[in-house]
Amino acid sequence: MSVGQAIPTTVGEPPDGDLQQQFLYEMLLIRRFEEKCAEMYTRGKIRGFLHLYTGEEACAVGAINALRADDKIVTHYRDHGHALARGVEPNRIMAELFARVGGTNEGRGGSMHIFDVSRNFLGGYAIVAGHMPIATGLGLAANLSGEDWAALCIFGDGGVGEGEFHEALNLAAIWKLPVVWFCENNGYGMGVPFDDSLANDVYKIAASYQMPSVRIDGMDVLEVYSATQLALAHVREGNGPYFIEALTYRYRGHSMADPELYRTKAEVEEYRKRDAIERLKRSMIADGLLDETNYQALVARVDAEVDEAVAFADASPEPGLHTLYDHITKEYEGDAE
Amino acid sequence: MREAIREAMREEMLRDQRVFLMGEDIGAYGGSYACTRGLLDEFGPERVRDTPISESGIVGAGVGAALAGFIPMVEIMTINFSLVALDQIVNNASKLHYMSGGQVNVPLVLRMASGGGSQLGATHSHSLEGMFAHFPGLTVVCPAFPGDAKGLLKRSFREPNPVVFIEHTALYGARGEVPDDPEHLVEFGQASMVRSGTDVTLVGYSGSVHQCYRAADMLSAEHGLTADVIDLRTIRPLDMSTVVSSVRRTNRAVVVEDDWKFGGFAGEIAAQIMERAFDWLDAPVARVAGKDVPMPYNRNLEYAALPSEEDVVEAVLAML
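Just so you know, these numbers come straight off a predicted model, no measurement behind them.

Conventions and cut-offs
- Residues numbered from 1 in each chain as written.
- Chains lettered and ligands numbered in written order.
- Predicted model: local features only at pLDDT ≥ 70, side-chain atom pairs only at ≥ 80, totals over all residues.
- Heavy atoms only, no water.
- Axes fitted to C-alpha atoms, helices over the stretch in contact; angles between N-to-C directions.
- Helix = DSSP H or I, 4+ residues; strand = E, 2+ residues; numbered from the N terminus.
- Parallel < 35°, antiparallel > 145°, perpendicular 65-115°, else oblique.
- Contact = heavy atoms within 4.5 Å.
- Nonpolar A, V, L, I, M, F, W, Y, C, P; charged D, E, K, R; others polar.
- Domains from an automatic or database assignment.
- Buried area = accessible area lost by both parts, 1.4 Å probe.
- Salt bridge = Lys/Arg side-chain N within 4 Å of Asp/Glu carboxyl O.
- Polar contact = N/O pair within 3.5 Å; in protein donor to acceptor, adjacent residues only side chain to side chain.
- Buried < 20%, exposed > 50% of the residue type's maximum accessible area, 1.4 Å probe, protein only.
- Phe/Tyr/Trp six-rings, centres within 6.5 Å; stacked < 30°, edge-to-face > 60°.
- Lys NZ or Arg CZ within 6 Å of the ring centre and 35° of its normal.
- Pairing = 2+ DSSP bridges.
- 1 Å grid on protein atoms, 1.4 Å probe; cavity = no way out; pocket = protein on both sides within 12 Å on 5 of 7 lines; lining within 4 Å.
- Points joined across faces, edges and corners; volume = space filled by probe spheres on them.
- Left-handed = near helix turned anticlockwise from the far one by under 90°.

*Asks:* Describe the packing of helix H3 (residues 55–67) of chain B against helix H4 (residues 86–93) of chain B, with residues and values.
*Replies:* Residues and elements named next belong to chain B. One way to put it is that H3 packs onto H4 with a least axis distance of 8 Å and a crossing angle of 25°. Classified by the interaxial angle, the pair formed by H3 and H4 is roughly parallel. Of H4, the residues touching H3 (which contributes Ser 56, Val 59, Gly 60 and Val 63) are Gln 88, Ile 89, Asn 92 and Ala 93. Class assignment for the residues of the contact of H3 with H4 results in four nonpolar, four polar and no charged.

Below you can see the structure in the form of structure tokens.
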């Protein structure tokens, strides 16, 4: 394993047809879900900050599908795609965005803070890099418990300039913790281009903490999946953390409030030509794993699910005012003994 | 005091395998205030973990380990360094239970040493108890006596939510009775009446309880006045019932704290006394607190910046 260089990461056989079909379905679900969110935001159904994930689907789907059910995830605030890839029901995510009791967090979290403990999805975090030390703590817990589950920490390139990035990576490295650091480098920290933000490439910065660090194509779901599998195998064997920088691109603005003055339409179009969904679709058709009829059926299935999510969210009641003080602290019930 | 704190940690580690400690120099060095001395030898480096100087990282790691079912105690060398870790304490530890709709909880104990008086200058002499009490979701414990410190710290390890446990540096050498019973717990939100009187109520927490106590001695010896002295023990949750029922008897109250008066916690207590005992008051509630300056290094200036028992006596005499 070389450190600090862009190295080939593909390992073993590519995922079988069923798994590729699953990847395609999940990426489409995220794409259509996010497009529906934009629509619901303009209709006033979703409030607050809304950060959409369109363009980056291959990262969530490739990385999260490489996990086991007992692995734990923490991620940043652009988190709908990660939750969907982890299998959190679209109905409950949409209801959370609508701020309803049927939402994942009973309407208390919102877009940036999706949690689903039943799936070891331990949250979206909205202070940039603030969840990275938490991932270190999850890795520490895995080691202390003697179990071989791992933590996946997803964050953006904007987090790399924060002190908590460096503290978290350093601690994970010196304590040899099973954490896979997954940087979604979409080229911009809000509107500031990556090149104006960091003195070195992300994967090179990470490599200086003495962990394997690779840069991959984050718009190729098969490559993301393969690289994450390799990383997980490494960390499960007790070798310490592993770093992946996935180069990707977000098609929409930073949030719905973003006028996108810092980039051109031509640039966005250029990236759309490398679209992860189109790419997988083409290669599956070429490999005889898909035809246009199957694909259209998949799109119809996804659209039905997204419509169902909106209907579910709309029907779910708002939390009652009498619940305002619920969940500030967990009740102390005396000793468990 | 430090032995009581050590004994609480030791007993809880023996009782519950999920408890572990981490912090800067808590292992081989024994802790910068010697609270963890000997624990590394007894429990080993996995459960008594020396960390780099990385406050945000280690507090965040404590939050993560707590989310995964452990009960971490993170020692922050002094409360001054907690300012570097506020993102983890405020944005993560205090809010995750609420924000997640009750799905996760953070059983994390954060111990830190507080207070001025040792000529350490402006960056190393903070009293930030009131700042932590400001945040919903946190429990803030400020013991004044060794026995309470042990019972409160043991109770903190049983708490399913984050606890900020603040120890006054001037009290580490304090002596007092400490129960041996490993199930001796002191409940949160229960103030303790450490002295009874009829003329005035003196309210303090942590170090200021001792100023109240000494002021009560002086009031009695020099002025023939007797005072209720109330040790709040925890300032969130806050036991106002004990304070209010005392004030309804004595009709006067002085609140004492090391922290700055402007925007400080004494103002919260004074306001609540007004809300609940206004008609019983014979004088406005007085606050005796730190002067509104960054802590000076010079000994005389530092002494002038901190509240003293003389200041408390003066405040009482002014309201008669």
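Next, the rest of the story.
*Asks:* How would you sum up the domain arrangement of chain B? Please name residues and give values.
*Replies:* Residue and element names in this part refer to chain B. For chain B, the domain assignment lists domain 1 (2–171) and domain 2 (192–318). Once you take the C-alpha centre of each, domain 1 and domain 2 turn out to be 27 Å apart. Each partner contributes residues to the interface: domain 1 has 29 residues there, and domain 2 has 23 residues. Summing the contributions of domain 1 and of domain 2, the shared interface buries around 2200 Å²; its carbon and sulfur component is 56%. Interface area lost by domain 1 to domain 2 is led by Gln 119, Cys 142 and Phe 145, which between them contribute 25%. Here domain 1 is connected to domain 2 by one salt bridge. Residues Asp 148 and Arg 233 are paired through a salt bridge, measuring 3.0 Å at the closest nitrogen-oxygen approach. Counting the contacts that link domain 1 with domain 2 gives 12 residue pairs in polar contact (both at pLDDT 80 or more).

*Asks:* Could you give an account of the environment of Arg 252 of chain A, with specific residues and numbers?
*Replies:* Residues and elements named next belong to chain A. For Arg 252, the location among the structural elements is in the loop between strand E8 (242–247) and helix H9 (265–272). Exposure remark for Arg 252: the relative accessible area of 32% places this residue in the partly exposed category. With near-sequence residues (within four places) excluded, Arg 252 lies in contact with Ala 38, Leu 52, Thr 54, Glu 260 and Arg 263.

*Asks:* Give me unusual backbone geometry: which residues, what numbers.
*Replies:* The peptide bond linking Arg 236 of chain B to Pro 237 of chain B adopts the cis configuration, its omega dihedral lying at 0°. Mapped onto the elements of the fold, Pro 237 of chain B is located in the loop between strand E10 (234–236) and helix H9 (240–250). We note that Glu 106 of chain A has phi near 55°; this positive angle belongs to a residue other than glycine. Assignment of secondary structure puts Glu 106 of chain A in the loop between helix H4 (90–97) and strand E2 (121–125).

*Asks:* So what's going on with the packing of aromatic side chains? Which residues, and what values?
*Replies:* If you walk through the whole model with that rule in mind, you get 10 aromatic pairs over all chains. Summarising the aromatic geometry, the rings of Phe 20 of chain B and Phe 70 of chain B are spaced 5.9 Å apart at their centres and angled 80° between planes, so their arrangement reads as edge-to-face. Here the residue Phe 20 of chain B occupies a position in strand E1 (residues 19–23), and Phe 70 of chain B occupies one in the loop between H3 and strand E3 (71–76), the gap between them amounting to 50 residues. The exposure class of Phe 70 of chain B is buried, given its relative accessible area of 12%. An aromatic cluster is built from Phe 155, Phe 165 and Phe 243 of chain A, whose rings are joined through pairwise contacts. Taking the ring centre of Trp 149 of chain A as reference, the NZ or CZ of Lys 72 of chain A above it sits at 4.7 Å. Against the face of Tyr 295 of chain A rests Lys 281 of chain A, its NZ or CZ located 4.1 Å from the ring centre.

*Asks:* A description of the interface of chain B and chain A should follow, citing residues and the corresponding values.
*Replies:* The partner chain A presents 40 residues to the 45 residues of chain B that form the contact. Buried area between chain B and chain A, summed over both chains or domains, comes out near 3400 Å², and the portion from carbon and sulfur atoms is 63%. When the buried surface of chain B facing chain A is broken down by residue, Tyr 98, Met 99 and Gln 103 of chain B rank first, second and third, together holding 19% of it. Linking chain B to chain A there are zero salt bridges. Where chain B touches chain A, the interface holds 17 residue pairs in polar contact (both at pLDDT 80 or more). At the level of secondary structure, the elements contributing two or more residues to the side of chain B that touches chain A comprise E1, strand E2 (48–50), H3, H4, helix H5 (96–99) and helix H7 (146–158) of chain B. It is H3 of chain B that contributes the most residues to the side of chain B that touches chain A, 10 residues altogether.

*Asks:* Let's hear about the pairing of strand E6 (residues 163–168) of chain B: which residues, and what values?
*Replies:* Residues and elements named next belong to chain B. Counting buried positions along E6 gives six out of six residues, so the element sits mostly inside the fold. The alternating pattern of E6 places Val 163, Phe 165 and Glu 167 and Val 164, Ile 166 and His 168 on opposite faces, both of which are buried. When strand E4 (residues 109–114) meets E6, the two strands line up parallel, connected through six bridges. Bridge assignment links Met 112 to a residue of E6, and that residue is Ile 166. Both strand E5 (residues 139–141) and E6 contribute to a ladder of three bridges, which runs parallel. In the strand pairing of E6, Val 140 is matched with Val 164.

*Asks:* Break down empty space enclosed by the protein for me, with residues and values.
*Replies:* Residues and elements named next belong to chain B. Evaluated as defined, the whole model comprises four cavities of 30 Å³ or more. Roughly 120 Å³ of internal volume is contained in the largest cavity. In terms of lining residues, the largest cavity is bounded by 13 residues, among which Ser 125, Asp 258, Trp 260, Val 293 and Met 295 are the most central. The biggest single contributor to the lining of the largest cavity is strand E11 (residues 253–260), with three residues.

*Asks:* Before we move on, could you go through the packing of H9 of chain B against helix H10 (residues 265–277) of chain B and cite the residues and values that matter?
*Replies:* Residues and elements named next belong to chain B. At a minimum axis distance of 10 Å, the contact between H9 and H10 shows a crossing angle of 60°. By the angle between their directions, the pair H9 and H10 is classed as oblique. Read as a crossing pair, H9 and H10 show a hand that is right-handed. Residue-level contacts link Met 240, Ser 241, Val 243, Val 244, Val 247 and Arg 248 of H9 to Ile 269, Gln 272, Ile 273, Arg 276 and Ala 277 of H10. Tallied by class, the residues present in the contact of H9 with H10 amount to seven nonpolar, two polar and two charged.

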